[in-house]
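Close look at the chain arrangement
Read off the chains here:
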Amino acid sequence: MTTKAGYEQVLDGSDTKVAQFETRRHTVLERVQHILHNNPTFVPVIVLMLSLVAFWIIAGGRFFSAFNLSLITQQVSIIGMLAAAQSLIIITAGIDLSVAAIMILMSVIMGNLAVNMGVPAPLAILAGCLGGMAAGAMNGLLITKIKLPPFITTLGTWSIFFALNLWLSGAQSIRSQDIDKNAELLKFFGNAIKLGGARITFGVILMIVIFVVLWYMLNKTAWGRHVYAIGDDMEAAEMSGIRTERTLVSVYMLAGLVCAIAGWASIGRVGSISPQSFYEGNLQSITAVVIGGISLFGGRGSIMGALFGALIVGVFQSGLRMAGVDVLWQVFAIGWLIIIAVAIDQWIRRVSA
Amino acid sequence: MTPVVSAKGIVKRYGHVTAIDHSDFELLPGEILAVIGDNGAGKSSIVKAICGATTPDEGEILIEGKPVKFSSPIEAREMGIEIVYQNLALSPALSIADNMFTGREIRKPGFLGKFLRMLDKPAMETFAREKLTELGLMTVQSIKQPVETLSGGQRQGVAVARAAAFASKFIIMDEPTAALGVKESRKVLELIKDVRARGIPIILISHNMPHVFEVADRIHIHRLGKRLCIIDPKDYTMSDAVAFMTGAKEPPAQDAA
Ligand SMILES: Nc1ncnc2c1ncn2[C@@H]1O[C@H](COP(=O)(O)OP(=O)(O)OP(=O)(O)O)[C@@H](O)[C@H]1O
Ligand SMILES: [Mg+2]
């Protein structure tokens, strides 16, 4: 049976060592590109550091004070949580235009139940969280079972959830005093710890906890590896034994849950429950994700990038405001940030490994 | 002897294209069955139907005598059936170790694994390195390397190693040596024989006649969407086989059915 062809006889003498190479001297730029390729969160971290220093110089000590920096974290906390949810979806090569609508709808549900209908606050919050998961499941099932593109699905559910929210709330806000009287727990995440001049709200801590937990799930569990594989190449993931539909639905449900929790936290942040708030939350969450270096093509990038992306946006807004720059130029700057972030992402991905 | 796989009258159409046309298929215990045929003859299509990657429109498939209807490759995999796809089915951005273990990851022992579901990356990496070394894929420098940074042949090696490591019933290899070098092809052939020696039968699709004639116990010749005949490599020459599969010569009166 062993009929090795003549030219194969010499194989017995072949080398058996693991390959080792003398490393050619790479140019500085090549090395930077390589490091960034392996550590996708470096870019947003560096940009965050640089922008902090830049605004310190431009806007002075008032900007770089413990008080102002902690204020920035408070300002980004809600969008940060939405960005965490959005990252999950974008890593699967999807997009979720309904994150902010889910968040507001769930905060309205929590408020209606607890404040207007006298349901105990913990139950109202639980109902909101379950509602968030149901809304996510609806997105996920439409995408996997009816095979609608995520963009279209969530464009539709955005309107649906927003309309439900207006209906349930009667387009009325629930006032701060009424919440204090009936369901103080809803404002829990508005509480804060004072550290020197800094004011760290529970909402900020919650945001960080959410990011750490999701990072762990994405990087240290099989589920997380499957999420990346799905975003990378859906068909290959299916063929190599991943239950892609089930995993995708779970991703949308988890994102919905995170949005609902963000809805709870938003009550503490805003003080009242307004059906009209965070109308731009969808796009702001996508902005944070993109600036954080997570690829819109899916499968690449770390969720921590979205946290830094949200912080970068917050730092720019605060810094430019303190430097006395008109709001319209703040918007202008964020626009350029998005474009530059995507351009850098493309450059890094061209790395010749 | 019950065949490991026995399929009858399989039909698969893609729109107007008939990929499989009332084809039969049979794999016997302990054998290496080579499947040869022209490009587009339907070789990949029929093995995909057997392993659940596609659902045939008609026909029945028996695994060890029991009828099965796989709706996904996961179900086939749970029975110990592994396949190396022609396009490999690897996730480019994930590491070699992650790819080898997709869908059957090892978790850390104790609390970390049970409740926090933490992966045991070192264990998976050691295992993956071992399997690649067995295949002689020494040129892979780091097991944590994303698959997209590997050469085409190295990727094929990863896919072959994955199938060989986990199969317990049978393995399908769809052109496993197409992109491999001389040394690596030789290793894959040795591996195929090792797997047979472990008692696990193999379906090998290949266009490489010397390889086919070296390892195969029987050769299934596929033509125009169906099985034309089965030949014993000891009774025929490579040119006979090529003549049958291209239609240059009438196939022998069938004895295998
Ligand atoms: N997903 C698909 N969609 C449409 N047609 C397909 C699909 N897969 C296969 N076919 C068609 O089915 C026929 C058989 O294809 P198949 O891939 O099984 O051939 P093959 O024998 O494996 O060829 P090769 O030697 O080139 O790998 C071809 O005519 C092909 O065009
Ligand atoms: Mg093929």
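Only a predicted model underlies this, so the values are computations on that prediction, with no experimental measurement involved. (Residues numbered from 1 in each chain as written. Chains lettered and ligands numbered in written order. Predicted model: local features only at pLDDT ≥ 70, side-chain atom pairs only at ≥ 80, totals over all residues. Heavy atoms only, no water.)

The next subject is the overall build of chain A. Scanning chain A for helices and strands turns up 14 helices and 2 strands. On the principal axes, the C-alpha backbone points of chain A span a range of 90 × 50 × 35 Å. For chain A, the proportion of its 353 residues judged to be buried stands at 51%. When contacts within chain A are restricted to residue pairs at least 6 apart in sequence, long-range pairs at least 24 apart make up 75% of them. For chain A, the computed accessible surface area is about 16500 Å², with 67% contributed by carbon and sulfur atoms. The averaged location of the 17 negative side-chain charges in chain A is 8 Å from the averaged location of its 22 positive side-chain charges. (Helix = DSSP H or I, 4+ residues; strand = E, 2+ residues; numbered from the N terminus. Buried < 20%, exposed > 50% of the residue type's maximum accessible area, 1.4 Å probe, protein only. Contact = heavy atoms within 4.5 Å. Areas by Shrake-Rupley, 256 points an atom, 1.4 Å probe, with all protein chains shown as cover. Lys, Arg positive; Asp, Glu negative; His and termini not counted. Charge placed at Lys NZ, Arg CZ, Asp CG, Glu CD.)

To find the voids left in a structure, one rolls a probe of water-molecule size over its atoms. Scanning the entire structure with this criterion turns up 4 cavities of 30 Å³ or more. Reported here for the largest cavity is a volume of approximately 100 Å³. Considering the residues around the largest cavity, the lining is formed by 14 residues, among which Met239(A), Arg77(B), Glu82(B), Ile83(B) and Tyr85(B) are closest to the centre. Elements with a contribution of two residues or more to the lining of the largest cavity: helix H2 (73-78) and strand E6 (81-84) of chain B. Broken down by element, the lining of the largest cavity gets its largest block of residues, 4 residues, from H2(B). Residue classes in the lining of the largest cavity are distributed as 8 nonpolar, 2 polar and 4 charged. Size it by volume and the second largest cavity reaches roughly 50 Å³. (1 Å grid on protein atoms, 1.4 Å probe; cavity = no way out; pocket = protein on both sides within 12 Å on 5 of 7 lines; lining within 4 Å. Points joined across faces, edges and corners; volume = space filled by probe spheres on them. Nonpolar A, V, L, I, M, F, W, Y, C, P; charged D, E, K, R; others polar.)

With 36 residues of chain A at the contact, the number on the chain B side is 41 residues. Together, the buried faces of chain A and chain B total about 3100 Å²; carbon and sulfur atoms form 59% of this surface. At the junction of chain A and chain B, the tally comes to 3 salt bridges. For Arg300(A), the salt bridge is made with Glu148(B), and the minimal N-O distance between the two is 2.8 Å. Between chain A and chain B we count 10 residue pairs in polar contact (both at pLDDT 80 or more) in total. Of all the elements, helix H9 (residues 222-232) of chain A adds the most residues to the side of chain A that touches chain B, at 6 residues. Class assignment for the residues of the side of chain A that touches chain B results in 14 nonpolar, 11 polar and 11 charged. (Buried area = accessible area lost by both parts, 1.4 Å probe. Salt bridge = Lys/Arg side-chain N within 4 Å of Asp/Glu carboxyl O. Polar contact = N/O pair within 3.5 Å; in protein donor to acceptor, adjacent residues only side chain to side chain.)

Let's shift gears to the coordination of the magnesium ion (ligand 2). Every protein donor of the magnesium ion (ligand 2) is listed here as Ser44(B) (OG) and Gln86(B) (OE1), and their distances to the metal cover 1.9 to 2.1 Å. Taken together, the residues Ser44(B) in helix H1 (residues 43-50) and Gln86(B) in the loop between E6 and helix H3 (96-100) connect sequence positions 42 residues apart. (Donors = N, O, S within 2.8 Å, 3.2 Å for Na, K, Ca; no water.)

On to the nonpolar core, then. If you look at the biggest cluster of nonpolar residues, it comprises 92 residues, and the most contacted ones within it are Met81(A), Leu82(A), Leu186(A), Phe211(A), Leu214(A) and Phe316(A). What Leu214(A) contacts, discounting residues up to four positions off in sequence, is Ala84(A), Leu88(A), Leu254(A), Val258(A) and Ile303(A). Ranked by size, the runner-up nonpolar core spans 37 residues in total, among them Leu132(B), Val140(B), Ala167(B) and Val195(B). (Core = buried A, V, L, I, M, F, W, Y, C linked by side-chain atoms within 4.5 Å.)

This part covers the domain arrangement of chain B. All names here are of chain B. When cut into domains, chain B gives domain 1 (29-57 + 68-93 + 146-255) and domain 2 (101-141). Using C-alpha coordinates to define each centre, domain 1 is positioned 26 Å away from domain 2. Listed by partner, the interface residues are 16 residues for domain 1 and 13 residues for domain 2. Of the roughly 1300 Å² buried between domain 1 and domain 2, counting both surfaces, carbon and sulfur atoms make up 63%. (Domains from an automatic or database assignment.)

Moving on, we come to the environment of Pro109(B). Residues and elements named next belong to chain B. Relative to the assigned elements, Pro-109 resides in the loop between H3 and helix H4 (110-114). With relative accessibility at 64%, the residue Pro-109 sits in the exposed group. Along the chain, Pro-109 and Glu-184 lie 75 residues apart, while their C-alpha atoms are 35 Å from each other.

Attention now moves to the environment of Thr126(B). All names here are of chain B. Mapped onto the secondary structure, Thr-126 falls in helix H5 (residues 121-134). Remark: the alpha-carbon pair of Thr-126 and His-211, spanning 85 residues in sequence, is separated by 31 Å. Among the polar contacts listed, one links the side chain of Thr-126 to the backbone oxygen of Pro-122, at a separation of 2.7 Å.

All names here are of chain A. Helix length check: helix H4 (residues 99-116) (18 residues) gives 25 Å between terminal C-alpha atoms against 26 Å at 1.5 Å per residue, within 8%. Counting buried residues in H4 gives 16 out of 18 residues, a clear majority hidden from the surface. Following H4 by one or two positions, Gly-118 has its phi on the positive side, about 70°. (Expected span 1.5 Å × (residues − 1).)

With that out of the way, let us pick up the site of ligand 1. Residue and element names in this part refer to chain B. Lining the immediate environment of ligand 1, one finds 14 residues, of which Gly-40, Lys-43, Ser-44, Ser-45 and Gln-86 sit closest. In the environment of ligand 1, an oxygen atom lies 2.8 Å from a nitrogen or oxygen atom belonging to the backbone of Gly-40. At 2.7 Å from an oxygen atom of ligand 1 is found a side-chain nitrogen or oxygen belonging to Lys-43. If ligand 1 stood free it would expose 630 Å²; the protein chains cover 63% of that surface. Listing elements by their share of the shell around ligand 1, those giving two or more residues are strand E2 (17-27) and H1. Considering each element in turn, the shell around ligand 1 owes the most residues, 3 residues, to H1. Residue composition of the shell around ligand 1, grouped by class: 4 nonpolar, 7 polar and 3 charged. (Near = heavy atom within 4 Å.)

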